[in-house]
Amino acid sequence: MTRMLIVGPPGAGKGTQASRITATYGIPDISTGDIFRENIKNETPLGVQVKNIVDAGDYVPDSLTNELITNRLMEDDARNGFLLDGYPRTPEQVHYLDALLQSNDQKLDAVIQLVADQDEIVSRLTKRAQEQGRADDSEEAIRHRQQVYLRETSPLVDVYRDRGLLVEVDGLGNVDEVAERIKSALSARGIMPVAERDESVA
Ligand code: ADP
């Protein structure tokens, strides 16, 4: 049972590492960005409501995001752990998540922070824009998302550091290298991959 967050600036490689972590630790990767994009694509009422906000690189109102997470965490696959990717992103969301977990008698085991430098990030995102054509990957939107992250979300890292939950990992290098760094940093905290767990003590 592992409950974790992954945080880092847009383009730090969260999504890629999140799917690795999912496989290694047997927990679902819950990405608010993916959920919003899926809703936008399918033109659901939520999607219609948030499309312009997401395309501009601004944050969706906390009330909508908190409700979405509440519903998602009630699903069966999240009962035995999860990796939240892209949530919480504001102080209100941090408080909301604290209360939600507390009411379920749950707590976080770790917060993985992917650290990456600004130039590398912009070049990665520009590449992704060419490959995937995400509407929020225009150069202007990328720059805007970086600023929003620095202003709104990076202060949250301090909150989790103060709680002793932060696991800082260098996000530079290839996917396997970074995945390996995450794995050893988590193992050092006693958070083991599914394949290496001793089921007799579980
Ligand atoms: P990024 O690569 O910018 O980190 P994400 O896929 O995590 O992208 O999120 C894309 C967009 O979805 C954000 O720019 C924002 O509009 C919206 N979004 C995702 N998560 C949240 C959240 N926790 N609170 C508010 N808005 C969010």
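Quick notes on the rules
- Residues numbered from 1 in each chain as written.
- Predicted model: local features only at pLDDT ≥ 70, side-chain atom pairs only at ≥ 80, totals over all residues.
- Heavy atoms only, no water.
- Helix = DSSP H or I, 4+ residues; strand = E, 2+ residues; numbered from the N terminus.
- Buried < 20%, exposed > 50% of the residue type's maximum accessible area, 1.4 Å probe, protein only.
- Near = heavy atom within 4 Å.
- Polar contact = N/O pair within 3.5 Å; in protein donor to acceptor, adjacent residues only side chain to side chain.
- Areas by Shrake-Rupley, 256 points an atom, 1.4 Å probe, with all protein chains shown as cover.
- Nonpolar A, V, L, I, M, F, W, Y, C, P; charged D, E, K, R; others polar.
- Expected span 1.5 Å × (residues − 1).
- Arc of directions from axis to C-beta.
- Contact = heavy atoms within 4.5 Å.
- Salt bridge = Lys/Arg side-chain N within 4 Å of Asp/Glu carboxyl O.
- Axes fitted to C-alpha atoms, helices over the stretch in contact; angles between N-to-C directions.
- Parallel < 35°, antiparallel > 145°, perpendicular 65-115°, else oblique.
- Pairing = 2+ DSSP bridges.
- Core = buried A, V, L, I, M, F, W, Y, C linked by side-chain atoms within 4.5 Å.

(A) Region of interest: unusual backbone geometry. Cis geometry is found at the peptide bond from Tyr87 to Pro88, where omega equals -5°. Mapped onto the elements of the fold, Pro88 is located in the loop between strand S3 (81–85) and helix H5 (91–103). Phi is positive for Glu43, which is not a glycine, with a value near 50°. Looking at Glu43, the relative accessible area reads 63%, which means it is exposed. Phi at Asp105 is positive, roughly 60°, even though this residue is not glycine. Residue placement: Asp105 occurs in the loop between H5 and strand S4 (110–115).

(B) A look at the site of the ligand. Neighbouring the ligand are 19 residues; Thr32, Arg37, Asp58, Gly86 and Arg145 lie closest to it. In the environment of the ligand, an oxygen atom lies 2.9 Å from a nitrogen or oxygen atom belonging to the side chain of Arg37. In the environment of the ligand, an oxygen atom lies 2.5 Å from a nitrogen or oxygen atom belonging to the backbone of Asp58. In the complex, the protein chains occlude 96% of the 550 Å² of accessible area that the ligand would expose alone. Looking at the shell around the ligand element by element, the count peaks at four residues for helix H2 (residues 32–41). Here the residues of the shell around the ligand sort into six nonpolar, five polar and eight charged.

(C) Highlighting helix H8 (residues 175–188). The end-to-end C-alpha separation of H8 is 20 Å, in line with the 20 Å expected for 14 residues at 1.5 Å each. Along H8, the residues that are buried comprise Val178, Ala179, Ile182 and Leu186. Along the axis of H8, the buried residues cluster in a sector spanning 100°; they form a single face. Those residues of H8 hidden inside the fold are in contact with strand S1 (2–7), helix H1 (14–25), S4 and strand S5 (166–170). The distance from a side-chain oxygen at the start of H8 to the backbone nitrogen of Asp176 is 3.1 Å, and the residue carrying that oxygen is Asn174. Gly190 sits one or two residues past H8 and shows a positive phi near 85°.

(D) Broad picture of the pattern of salt bridges. Taken as a whole, this structure holds eleven salt bridges when the rule is applied. With a closest N to O distance of 3.3 Å, Glu152 and Arg151 form a salt bridge. Overall, the relative accessible area of 29% leaves Glu152 in the partly exposed class. Exposure remark for Arg151: the relative accessible area of 56% places this residue in the exposed category.

(E) Spatial organisation of the packing of H5 against helix H7 (residues 139–162). It is the contact of H5 with H7, at a shortest axis distance of 9 Å, that shows an interaxial angle of 40°. Classified by the angle their axes make, H5 and H7 are oblique. Between H5 and H7, the residues in contact are Pro91, Val94 and Leu97 and Glu152, Leu156, Val159 and Tyr160, respectively. Taken together, the residues that form the contact of H5 with H7 break down as six nonpolar, no polar and one charged.

(F) Spatial organisation of the pairing of S1. Among the six residues that make up S1, six are buried, leaving the element largely enclosed by the rest of the structure. The two faces of S1 match: Thr2, Met4 and Ile6 on one face and Arg3, Leu5 and Val7 on the other face are all buried. Of the pairings in the sheet, the one linking S1 to S3 comprises five bridges and is parallel in character. In the strand pairing of S3, Leu5 is matched with Leu84. Bridge analysis of S1 against S4 gives four bridges, and the strand direction is parallel. Paired with Met4 across the strands is Ala110, a residue of S4.

(G) Expanded view of the nonpolar core. Counting residues in hydrophobic clusters, the biggest one holds 29 residues, and the most contacted among them are Leu73 and Leu84. Not counting the four nearest positions on each side in its chain, Leu84 is found in contact with Met4, Leu5, Ile6, Ile30, Ile69, Leu73 and Leu97. Leu83, Ala110, Leu114 and Val167 belong to the second largest nonpolar core, which has 21 residues in total.

In short, shape yes, function no, at least from these values alone.
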